[in-house]
Amino acid sequence: MNLHLAEISKRVAPGAHAVLMLDQAGWHMTAKLDVPENITILPLPAKCPELNPTENIWQFLRDNWLSNRVFDNGKALIDHCCNAWNNLEAQPWTIMSIGMRDWAHRF
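Residues numbered from 1 in each chain as written. Predicted model: local features only at pLDDT ≥ 70, side-chain atom pairs only at ≥ 80, totals over all residues. Heavy atoms only, no water.

**Q** Please clarify how the environment of Phe-60 should be interpreted in this entry.
**A** Relative to the helices and strands, Phe-60 is located in helix 3 (residues 53-66). Spatially, the C-alpha atom of Phe-60 lies 26 Å from that of Met-29, the residues being 31 residues apart in sequence. (Helix = DSSP H or I, 4+ residues; strand = E, 2+ residues; numbered from the N terminus.)

**Q** Even after reading the chapter, I still don't get helix 3, so can you show me in this structure?
**A** Three or four residues apart is the spacing at which side chains of an α-helix point the same way, because the helix has 3.6 residues per turn. Here helix 3 contains 14 residues, and its C-alpha end-to-end distance of 18 Å stays within 8% of the 20 Å for a straight helix at 1.5 Å per residue. Taken together, the buried positions of helix 3 are Ile-57, Leu-61 and Trp-65. One face of helix 3 carries all of its buried residues, which in axial projection span an arc of 40°. On the buried face of helix 3, the contacting elements are helix 4 (74-89) and helix 5 (92-99). Count one or two residues on from helix 3 and you reach Asn-68, which has phi positive near 50°. (Expected span 1.5 Å × (residues − 1). Buried < 20%, exposed > 50% of the residue type's maximum accessible area, 1.4 Å probe, protein only. Arc of directions from axis to C-beta. Contact = heavy atoms within 4.5 Å.)

**Q** Would you mind showing me how to read the pattern of salt bridges here?
**A** Between side chains of opposite charge, pairing is possible as soon as their charged atoms come close. Applying the stated criterion across every chain, the model contains three salt bridges. For Glu-7, the salt bridge goes to Arg-11, with nearest N and O atoms at 2.7 Å. Taken together, the residues span about one helical turn, with Glu-7 and Arg-11 both in helix 1 (residues 2-11) at a distance of four residues. Under the relative-accessibility criterion, Arg-11 is labelled exposed at 64%. (Salt bridge = Lys/Arg side-chain N within 4 Å of Asp/Glu carboxyl O.)

**Q** Where do I start with unusual backbone geometry in this structure?
**A** Most peptide bonds take the trans form, and the phi angle of most residues other than glycine is negative. The phi torsion at Asn-68 lies on the positive side, around 50°, for a residue other than glycine. If you trace the backbone, Asn-68 turns up in the loop between helix 3 and helix 4.

**Q** What is the right way to read the pairing of strand 1 (residues 18-22) from this model?
**A** Sheet faces and side chains relate simply in a regular strand, where the side chains alternate between the two faces. Side chains Ala-18, Leu-20 and Leu-22 of strand 1 all project onto a buried face; the interleaved residues Val-19 and Met-21 project onto a face where none is buried. Bridge analysis of strand 1 against strand 2 (residues 39-43) gives five bridges, and the strand direction is parallel. Within the sheet, the bridge partner assigned to Met-21 lies in strand 2 and is Leu-42. (Pairing = 2+ DSSP bridges.)

**Q** I tried to follow the packing of aromatic side chains on my own but got confused; where do I start?
**A** Here the distance between the centres and the angle between the planes together describe a pair of aromatic rings. Within the structure shown, the criterion is met by two aromatic pairs. For the ring pair Trp-58 and Trp-85, a centre distance of 6.1 Å and an interplane angle of 35° mean the geometry is tilted. Taken as a pair, Trp-58 in helix 3 and Trp-85 in helix 4 lie far apart in primary sequence, 27 residues in all. We classify Trp-85 as partly exposed; its relative accessible area is 42%. With a centroid separation of 5.7 Å and an interplanar angle of 80°, the aromatic rings of Phe-60 and Trp-65 are classed as edge-to-face. (Phe/Tyr/Trp six-rings, centres within 6.5 Å; stacked < 30°, edge-to-face > 60°.)

Here is the structure:
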């Protein structure tokens, strides 16, 4: 997570400040995080997956390609998951519509 924060920090325009909304997973909230000066972490409320667009992406993957399946072996499972991800990646407008939050664009 520290490497991820450092990479985000590099991409923030000079003089700007980033607010990073994260769920409250342990690695997002640990005291061991080295949060750069140009980033503020805004934790999402606990147990509110509907506020986290990433959770909606995972739900879309489960609903469309990943649920109710039995696999013969680990390779078949990995191949199926990769195929599901590639199918989703080929639909950027679907990803945008799933992740869009109207309230984030009001200001």
